[in-house]
Amino acid sequence: MLIDRIRLSDSLRKEQWYQETALWFYGYMEEASRRIEDPALPMLTAEVFLHLRAVMEAFPFEKQEAEVQKKWRGGVREKIKGRLKNREGAYLGIYGTGNHTRLLFSVYEEIACETRRQLIFIDSSKVSHTEKLEGYDIINIRDSRPDMDIVVSSYFNQNEMRRMLEERNPSGNVITLYV
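Described below are features of the structure shown in this document. (Residues numbered from 1 in each chain as written. Predicted model: local features only at pLDDT ≥ 70, side-chain atom pairs only at ≥ 80, totals over all residues. Heavy atoms only, no water.)

Observations concerning the packing of aromatic side chains
So, step 1. All chains considered together, the criterion is met by five aromatic pairs.
So, step 2. A connected cluster of aromatic rings, assembled from ring pairs, spans F105, F121 and Y136. (Phe/Tyr/Trp six-rings, centres within 6.5 Å; stacked < 30°, edge-to-face > 60°.)

The following block contains the structure:
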């Protein structure tokens, strides 16, 4: 377990430990990307996350990271495309404008382009059409419509966000990425 490795790190050469920890982290991400129903990001304590950040900065594993992200994004992409219900030309709403959305922004843009849908972002704390995300409008959840396919773009708040969408538009197509 990672916590045990942290405790034993004094007995290991620092460089060797950093490399092992980084490889464990990328291995975990790769496994999570194979099973898209599982969280795509590890649920780690803040202390461990900060330690891993230092590891990543000390030992860049760009190739492994690129492969893991490619697999994860591919899985997300196929899941969304398989659950689209509304006609071409309809809106593809992305509920959430935080870090998760920014990580998957290019995936959302590709899906909208390939399926001929208009991309729009949804945020429950924003006033509609007053802000943009990478050039796309952000609307308030109150302005979402039943003819939209809406992807919940969050891991930690997914269930609450899904519930809010289903209350707002019971007949809408809500797409979640995780169980």
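After that view of the structure, there is still more to cover.
Description of the sheet that holds strand β2 (residues 118–122)
So, step 1. The strand order β3-β4-β2-β1-β5-β6 describes an open sheet built from six strands, whose pairing is mixed. Unpaired on one side and paired on the other, β3 (132–133) and β6 (173–175) mark the two borders of the sheet.
So, step 2. With two bridges connecting them, β2 and strand β4 (residues 136–139) associate as parallel partners. Counted as the bridge partner of F121 is I138 from β4.
So, step 3. Along the sheet face, helix α7 (residues 158–168) touches β1 (91–95), β5 (149–152) and β6 and points at about 155° away from the line of β5. (Pairing = 2+ DSSP bridges. Helix = DSSP H or I, 4+ residues; strand = E, 2+ residues; numbered from the N terminus. Contact = heavy atoms within 4.5 Å. Axes fitted to C-alpha atoms, helices over the stretch in contact; angles between N-to-C directions.)

Focus on the pairing of β1
Successive side chains on a regular strand alternate, one facing one side of the sheet and the next facing the other.
So, step 1. Among the five residues that make up β1, four are buried, leaving the element largely enclosed by the rest of the structure.
So, step 2. Where β1 lies against β2, five bridges are found, and the strand directions are parallel. Pairing of Y91 across the sheet is with Q118, part of β2.
So, step 3. Relative to β5, β1 is paired through four bridges, and the arrangement is parallel. Across the sheet, residue Y95 finds its bridge partner in β5, namely V152. (Buried < 20%, exposed > 50% of the residue type's maximum accessible area, 1.4 Å probe, protein only.)

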